[in-house]
Amino acid sequence: MINKETQRGSTRDYSYKKLKLKILNLELEPGTKISEKEIADEFHVSRTPVREAFMKLAQEELLDIIPQSGTIVSRINLDYVEEGRFIREKIEKEIVILACNEFPEDDLFHLETNLALQELCIGKNNFYQLYELDEEFHRILFNGVGKARTWKMLQLLNSHFNRLRLLRLSKVSNWDSIISQHKSIYQFIVEKNSEEGSQMMERHLQMAVVEKEIMKKKYPHYFI
């Protein structure tokens, strides 16, 4: 029998995950005003778990809760984007170097499978699926070198960077370039070429530097 506390916890987690997904995939656009009541009604849950989800998403800087005014989906802060990208670049270059030195065969197979699935996304034009596979590709790298906790820590710092990446994938059709870079990183790991692998990871994560300016010009109301 499920007790009330467990049920409330699962409802809270459900509300949090579903609302976060709506924000990340731009179903709720930056600057959109939302309320506990409307979200609770839409998700068919009580307002308490929604309120708790709001607080958690505010801590992740995805919502701005403004006293006496309301709650809005935070606009994408380009300073936060650059900070998140900078941290990922510095850490992931080292992750690739570690992977080139030693990487489990099972995880190499997982990377290869992931790349094949990325290719399928092009034909289906599914930008959110490609984003998830992109995330999975990088997560496998961290896990393969024993740095799973580091990956989780980075996720807490990259909410704004990740929203820019999703916006880019949904609006800019350079998916081939992204997948090609993933393939190169994989191949350098197989060849144990740490220098080229590290440089490729740096170029890969710097793609957002140019494209953030393109996105800002095209969707200025999304950014601060």
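You'll find the structure just up there.
Residues numbered from 1 in each chain as written. Predicted model: local features only at pLDDT ≥ 70, side-chain atom pairs only at ≥ 80, totals over all residues. Heavy atoms only, no water.

Even without being glycine, Leu-26 reaches a positive phi, approximately 70°. In this structure, Leu-26 sits in the loop between helix 1 (4-24) and strand 1 (33-34). A residue is classified by how much of its surface remains accessible, and Leu-26, at 13% relative accessible area, is buried. A positive phi angle is found at Lys-192, which is not glycine, with a value near 60°. Inspection of the secondary structure assignment puts Lys-192 in the loop between helix 9 (175-190) and helix 10 (194-218). For Lys-192, a relative accessible area of 52% gives the class exposed. (Helix = DSSP H or I, 4+ residues; strand = E, 2+ residues; numbered from the N terminus. Buried < 20%, exposed > 50% of the residue type's maximum accessible area, 1.4 Å probe, protein only.)

Turning our eyes to something else, we now look at the packing of helix 4 (residues 78-101) against helix 6 (residues 127-144). Here helix 4 crosses helix 6 at 55°, and the two axes come no closer than 10 Å. When the axis of helix 4 is compared with that of helix 6, the two are oblique. For the crossing formed where helix 4 meets helix 6, the hand is left-handed. Side by side, helix 4 and helix 6 meet where Arg-88, Ile-91, Glu-92 and Ile-95 of the first sit next to Glu-135, His-138, Leu-141 and Phe-142 of the second. (Axes fitted to C-alpha atoms, helices over the stretch in contact; angles between N-to-C directions. Parallel < 35°, antiparallel > 145°, perpendicular 65-115°, else oblique. Left-handed = near helix turned anticlockwise from the far one by under 90°. Contact = heavy atoms within 4.5 Å.)

Below, the discussion takes up the environment of Leu-166. Along the chain, the position of Leu-166 falls in helix 8 (residues 159-171). Since its relative accessible area comes to 0%, Leu-166 is described here as buried. Spatially, the C-alpha atom of Leu-166 lies 9.7 Å from that of Glu-132, the residues being 34 residues apart in sequence. In this structure, Leu-166 is in contact with Leu-24, Asn-25, Phe-127, Tyr-128 and Tyr-131, ignoring residues within four places of it in sequence.

Looking now at the sheet that holds strand 1. As summarised here, the arrangement of the 3 strands in space is 1-3-2, forming an open sheet in which the pairing is antiparallel. The sheet is open, and its two edges are formed by strand 1 and strand 2 (63-66), each paired on a single side. The sheet contacts of helix 3 (residues 47-59) involve strand 1, strand 2 and strand 3 (70-73), and relative to strand 2 the element is tilted by about 110°. (Pairing = 2+ DSSP bridges.)

Let us look at the pairing of strand 3. The pairing of strand 1 with strand 3 spans 2 bridges and is classified as antiparallel. Residue pairing in the sheet places Lys-33 in a bridge with Ile-72 of strand 3. Note: strand 2 against strand 3, 4 bridges, orientation antiparallel. Bridging from a neighbouring strand, Asp-64 pairs with Ile-72 of strand 3. Counted between consecutive antiparallel strands, the loop separating strand 2 from strand 3 contains 3 residues, among which Gln-68 sits at a positive phi close to 65°.

On to the pattern of salt bridges. When the charged atoms of two side chains lie near each other, side chains of opposite charge can form a pair. Scanning the model with the defined rule gives 19 salt bridges in all. When the shortest N-O distance is used, the salt bridge between Glu-36 and Arg-47 registers 3.7 Å. Of this pair, Glu-36 sits in helix 2 (residues 36-43) while Arg-47 sits in helix 3, placing them 11 residues apart in sequence. Using a relative accessible area of 18% as the deciding quantity, one classes Glu-36 as buried. Under the relative-accessibility criterion, Arg-47 is labelled partly exposed at 43%. Within this structure, Glu-82, Arg-85, Glu-89, Lys-90 and Lys-212 form a network of salt bridges that share partners. (Salt bridge = Lys/Arg side-chain N within 4 Å of Asp/Glu carboxyl O.)

Core analysis: the largest hydrophobic core is formed by 22 residues, its most contacted members being Phe-103, Leu-111, Phe-137, Leu-141, Ile-185, Ile-189 and Met-201. Going through the elements one at a time, helix 4, helix 5 (105-124), helix 6, helix 7 (148-157), helix 9 and helix 10 are the ones with two or more residues in this core. Residues contacting Met-201, with those up to four places away along its chain left out, are Glu-92, Lys-93, Val-96, His-138, Leu-141 and Ile-185. One finds Tyr-16, Ile-23, Ala-53 and Leu-62 within the second-largest nonpolar core, a separate group that totals 16 residues. (Core = buried A, V, L, I, M, F, W, Y, C linked by side-chain atoms within 4.5 Å.)

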